[in-house]
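Spelled out, the chains give:
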Amino acid sequence: MKQFFVPSSPNAAVAERKQFQKSLLKALSSLIKAPTTRNFHLFGLDTTPIPRPFSPTLPDRTYIHQPNTIKGNKPINIGHQYSLLSFLPEAESTQNIPWSIPLNSQRVTSGTNSIAVGVDQVDTVLHDCPAFEKEQLSVLVADSYYSQRQFLDALSKQSNLVLITRVRSNRVFYCQPPITEETNSGRGHRPWYGERFDLKDNATWHQPDESVQINFTTRRERPVQLNISAWHQMLMRGTKEYPMHQHPFTLLQVRVTDEQSQQLWHPMWLIVLGQRRNELTIMDCYLSYRQRFDMEHTLRFSKQRLLMNSFQTPDVEHSENWVQLTQLAYIQLWAARDLVEVLPRPKREILSQKNSSFCHT
């Protein structure tokens, strides 16, 4: 474990580890192919906890989020948290195998947060990876934690990046104010925000600018309808440090109904922000965010099969090296995917047939 990464001095460990990750990123970029069925590269950003409750000598432990099955217990633990930026490749076959390629994994120290680490990871991948050309459009999908103005304002400066994040159903947004003679008169401050758009109050919604309805069948052969509504040129309330009125976005509502037009689940809200967001269709945005769940399969496989969170050590550097090694092991499995013959068991053959029929619908 010591030979994986050896810094020249303790003070230069952080800078040299970043340089080491950049060299690994350049080597990995040669395995990534250019997109063929879509006109953009797709990335996913997420954080994962590494619990260390019984390691009192391990430095820099913090409170981390960890779901608890016992009702009434708080979903917290003590340990480390890692931010993972992955590349989400296109589907290569009808089997729809949920691959996600980890490009950069970085520990979230106690002196920073996941937002700052995620911004640094995205900047590193987009600027230091030769596989992702500067003129090529890139799309980043993330969960509702990354819908904060600090994250959106920092990455909105990337001209070739589009952000798709989920937002909670209790958020409040605003329409762009209409341009009138009073606003062009030069008297007073021009209004930045227009009418209120409360996600939990449909009385404040105006007519959507675009909508899509698609019928499909679930894996359990249940016919349902997908309804996506889009509102363009929406705004988020900002501050002096984060002027969000300069960054309009597209708001999406995703609903699933049955044959009787009854809503099955709570609607999902997405925001699409970026200078080139109009190059994506509504279905591009929805399918891109839906592929974000492939990262959950990667993290689960890494922890259950590659022992990502099972290494016990009192040294922080050894812990970071182990997480990096597990990600490299997963990349080796992805790189050798074409050399292995798939031999499913009889029960899994039936499941694979159902998955293939769902992909064709």
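Above this text you will find the structure in question.
Summarised in this report is the structure supplied together with it. Source: prediction; values computed, not measured.

With that settled, the discussion passes to the overall build of the protein. What the protein contains, in helices and strands, is 7 helices and 12 strands. In the protein, which comprises 361 residues, the share counted as buried stands at 43%. Look at the contacts in the protein between residues 6 or more apart in sequence, and 64% of them connect residues 24 or more apart. Accessible surface, the protein: about 20,700 Å² in total, of which carbon and sulfur atoms supply 51%.

Here we take up the pattern of salt bridges. According to the stated counting rule, one finds 9 salt bridges in the structure shown. In this structure, the salt-bridge partner of arginine 38 is glutamate 90, at a minimum N-O distance of 3.9 Å. Separated by 52 residues along the polypeptide, arginine 38 in the loop between helix H1 (13-29) and strand E1 (40-51) and glutamate 90 in the loop between strand E3 (76-87) and strand E4 (101-108) bring together distant segments of the chain. Here the two residues arginine 38 and glutamate 90 agree in accessibility, since each one is buried. Each of Asp46, Arg292 and Glu296 takes part in a single network of salt bridges with overlapping partners.

Let's shift gears to the packing of helix H5 (residues 294-304) against helix H6 (residues 316-335). Closest axis-to-axis distance for the H5/H6 pair is 10 Å, and the angle between their directions is 115°. Taken together, the axes of H5 and H6 lie roughly perpendicular to each other. In the crossing of H5 with H6, the sense of the turn from one axis to the other is right-handed. Of H6, the residues touching H5 (which contributes Thr298, Phe301 and Ser302) are Gln327, Tyr330 and Leu333. Here the residues of the contact of H5 with H6 sort into 3 nonpolar, 3 polar and no charged.

Our next topic: the pairing of E1. With 12 of 12 residues buried, E1 is to be regarded as a mostly interior element. Burial of E1 is two-sided: the residues Phe40, Leu42, Gly44, Asp46, Thr48 and Ile50 facing one way and the residues His41, Phe43, Leu45, Thr47, Pro49 and Pro51 facing the other way are all buried. Of the pairings in the sheet, the one linking E1 to strand E5 (residues 137-142) comprises 5 bridges and is parallel in character. The residue bridging leucine 42 from the neighbouring strand is valine 139, located in E5. Sheet topology places E1 next to E3; 9 bridges connect them, and they run antiparallel. Counted as the bridge partner of isoleucine 50 is histidine 80 from E3.

Applying the stated rule across the entire model yields 14 aromatic pairs. Geometrically, the ring pair formed by phenylalanine 43 and phenylalanine 87 is edge-to-face, given 5.7 Å between the ring centres and 70° between the ring planes. Pair noted here: phenylalanine 43 is in strand E1 and phenylalanine 87 is in strand E3, with a separation of 44 residues, a long-range link. Pair check on accessibility: phenylalanine 43 and phenylalanine 87 agree, each one buried. On the numbers, 6.0 Å between centres and 65° between planes, the contact of phenylalanine 301 with tyrosine 330 is edge-to-face. Linking phenylalanine 301 in helix H5 with tyrosine 330 in helix H6, this pair joins segments that are 29 residues apart in sequence. Accessibility expressed as a relative area gives 6% for tyrosine 330, which makes it buried. One aromatic cluster is present, formed by Phe197, Trp205, Trp231 and Trp269 through successive ring pairs.

Counting buried positions over the 6 residues of E5 gives 6, a clear majority of the element. Side chains Leu137, Val139 and Val141 of E5 all project onto a buried face; the interleaved residues Ser138, Leu140 and Ala142 project onto the opposite face, where all are buried too. Of the pairings in the sheet, the one linking E5 to strand E6 (residues 161-167) comprises 5 bridges and is parallel in character. The residue bridging valine 139 from the neighbouring strand is valine 162, located in E6. Remark: the E5/helix H3 (residues 149-155)/E6 crossover connection has right-handed handedness.

Thresholds, definitions, all that
Counting restarts for each chain, with residues numbered from 1 along the sequence as it is written. Side-chain atom pairs in this predicted model are given and counted only at pLDDT of 80 or more, local residue features only at pLDDT of at least 70, and totals for whole chains, interfaces and linings cover all residues. Processing note: side-chain calculations cover all non-hydrogen atoms of the structure and skip hydrogens and water entirely. Secondary structure elements follow DSSP: runs of H or I no shorter than four residues count as helices, runs of E no shorter than two count as strands, and numbering proceeds from the N terminus. Think of it in three bands: residues with accessible area under 20% of the maximum for their type are buried, residues over 50% are exposed, and the middle band is partly exposed, with areas taken using a 1.4 Å probe on protein chains only. The contact definition used throughout considers only heavy atoms, calling two residues in contact when any of these lie within 4.5 Å. To be clear on the numbers: accessible area is Shrake-Rupley with a 1.4 Å probe, and residue cover counts the displayed protein chains and nothing else. A carboxyl oxygen of Asp or Glu within 4 Å of a side-chain nitrogen of Lys or Arg is what we treat as a salt bridge. Axis lines are fitted to C-alpha atoms, over the contacting stretch for helices. Their N-to-C directions set the angle, which ranges from 0 to 180 degrees. Roughly parallel refers to an angle under 35 degrees, roughly antiparallel to one over 145, roughly perpendicular to one between 65 and 115, and oblique to any angle outside these ranges. Working rule for handedness: look at the near helix, and if it is turned counterclockwise from the far one by less than a right angle, call the crossing left-handed; if clockwise, right-handed. Residues are grouped as follows: nonpolar covers Ala, Val, Leu, Ile, Met, Phe, Trp, Tyr, Cys and Pro; charged covers Asp, Glu, Lys and Arg; every other residue, Gly included, is treated as polar. For two strands to pair, DSSP has to find at least two bridges joining them. Centres within 6.5 Å are what make two rings of Phe, Tyr or Trp a pair, Trp counting through its six-membered ring; a difference in plane orientation under 30 degrees is then read as stacked, over 60 as edge-to-face, and the rest as tilted. Call a crossover right-handed when, viewed with both strands pointing away from you, the route from the first strand across the helix to the second goes clockwise.

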